[in-house]
Amino acid sequence: MFTTGSINTIWIISFSRKKQSIMSTELGQTILCESKLKKLFDLVEMLKCFQVVWLDEYLQRKDRFSKEIEGFICTKAGLIDEQFLDHLPNLKVVSICSAGFEGLDVSMLHRLNIRVSNVPHLVSESTADLTFALILATARQLRKNIQSSQHPDLEVRMSPQFTSLGTDVTGATLGILGMGSIGYCVAMRATGFRMNTFYYNRNRRPKLDEDRVNAKYCRSLDELLKLSQFLVVSVPLTPETENMIGHKELALMKPSSILINVSRGCVVDTSALVEALNDGKISAAGLDVTEPEPLPYDHPLVHMDNVILSGHSGAATVEVRKKIFKQSLENLKAGFTSGPMNNEL
């Protein structure tokens, strides 16, 4: 792909075995895109209605692009602060390619007449799938068994079936902290394992919702912690939920219980979790998110056999990424009009 001297026209050349085709597309607003997005899949067709500046290029040539940029599409809302906005005087729309927007001062954007949206509902199913991957992997000591199965010593390779016994998921007690969209999708999957599901949420779900997934409401977090063999944390990160699971909460859990975190790393106190695992207060942890993220290589959680780390990959499927980016672009387009944006903040 290359551009002509005019910034209003982009020429796209595509090669095939049979022919070469050239098409000209008139471009609209200039938008800034977070650089990692170009690695996910071919975005030429999706982005052809915009003049695109990638973030890495922009950071090297701010003076060249700052006044042209009217939109910003990103995965991390934390990139946007007052200093960042000072260099973009004509920014009108921000579209966040994720459900979370922690670290973003939405009121500041509103004061600057900048519209902003996110995509909260597209990640629930895939994140719930990964949640059960973590439940199964930790319950059956998968990390330890894989390592043993790849060991050069025959006796060690034979050991998992005798020495690394896991625990059943089918029929176990599942606790869900945060029964929003992701939590509810987890509860739906739990019915297939005939699990006894309990949940704690800021607001109780309607009885019809509870009955559909055979979930029972706990009136306190302490009650949920004491009941759970598997505790799934799926609350959003807010000032109220930061370090929501700490020393006190982990001490209430069963020594055989397993913690699964698919929310945000800051919801669980990392040092308290390390201590609880070392002291046998809980038996294992499956973590899609951590604090910090990623963890340093020498961090204890990285090297524990009873910890599975999945690198914040809850929504990391080809299908979901395409849906997220498509919706984010639709939000961006809508933001340039006077009409409504999908999930405007």
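Here, the structure is the one placed above.
Now for a quick tour of the structure. All values derive from a computational prediction rather than experimental measurement. (Residues numbered from 1 in each chain as written. Predicted model: local features only at pLDDT ≥ 70, side-chain atom pairs only at ≥ 80, totals over all residues. Heavy atoms only, no water.)

The sheet built from seven strands is open, its strands ordered β11-β10-β9-β12-β13-β14-β15 with parallel pairing. The open sheet is flanked by β11 (215–217) and β15 (307–309), the only strands paired with a single partner. Between one strand axis and the next, the sheet turns through 20 degrees on average, direction left out of account. Relative to β11, strand β10 (residues 196–200) runs parallel, the two being bridged by three bridges. Within the sheet, the bridge partner assigned to T197 lies in β11 and is A215. Against the sheet, helix α10 (residues 181–192) engages β9 (173–177), β10 and β12 (230–233), with an angle of about 170 degrees to β9. Lying over the sheet, helix α14 (residues 270–278) contacts β13 (258–261), β14 (284–287) and β15, oriented at roughly 145 degrees with respect to β14. (Pairing = 2+ DSSP bridges. Helix = DSSP H or I, 4+ residues; strand = E, 2+ residues; numbered from the N terminus. Axes fitted to C-alpha atoms, helices over the stretch in contact; angles between N-to-C directions. Contact = heavy atoms within 4.5 Å.)

Our focus in this paragraph is the pairing of strand β6 (residues 69–74). Most of β6 is tucked away: five of the six residues are buried. In this structure, strand β4 (residues 30–33) lies alongside β6, joined through four bridges in parallel fashion. The residue bridging L32 from the neighbouring strand is F72, located in β6. The sheet contact formed by β6 and strand β7 (residues 93–96) spans four bridges and is parallel. Bridge pairing links I73 to S95 in β7. (Buried < 20%, exposed > 50% of the residue type's maximum accessible area, 1.4 Å probe, protein only.)

The two faces of β4 match: T30 and L32 on one face and I31 and C33 on the other face are all buried. Sheet topology places β4 next to strand β5 (residues 51–54); four bridges connect them, and they run parallel. Bridged to L32 within β5 is V53.

Counted by the stated rule, this structure contains 13 salt bridges. In this structure, E344 engages R115 in a salt bridge whose closest nitrogen and oxygen atoms are separated by 2.9 Å. Within this pair, whereas E344 is found in the segment after α16 (318–335), its partner R115 is found in strand β8 (residues 115–117), the two being separated by 229 residues in sequence. Its relative accessible area of 37% is what places E344 among the partly exposed residues. Exposure remark for R115: the relative accessible area of 19% places this residue in the buried category. Two residues, D209 and R212, come together in a salt bridge whose shortest N-O distance is 3.6 Å. One end of the pair is D209 and the other is R212, both in helix α11 (residues 207–213) and three residues apart, which spans about a single turn. Linked by salt bridges that have partners in common, E125, D129 and R189 make up one network. (Salt bridge = Lys/Arg side-chain N within 4 Å of Asp/Glu carboxyl O.)

That is the geometry; function is a separate question.
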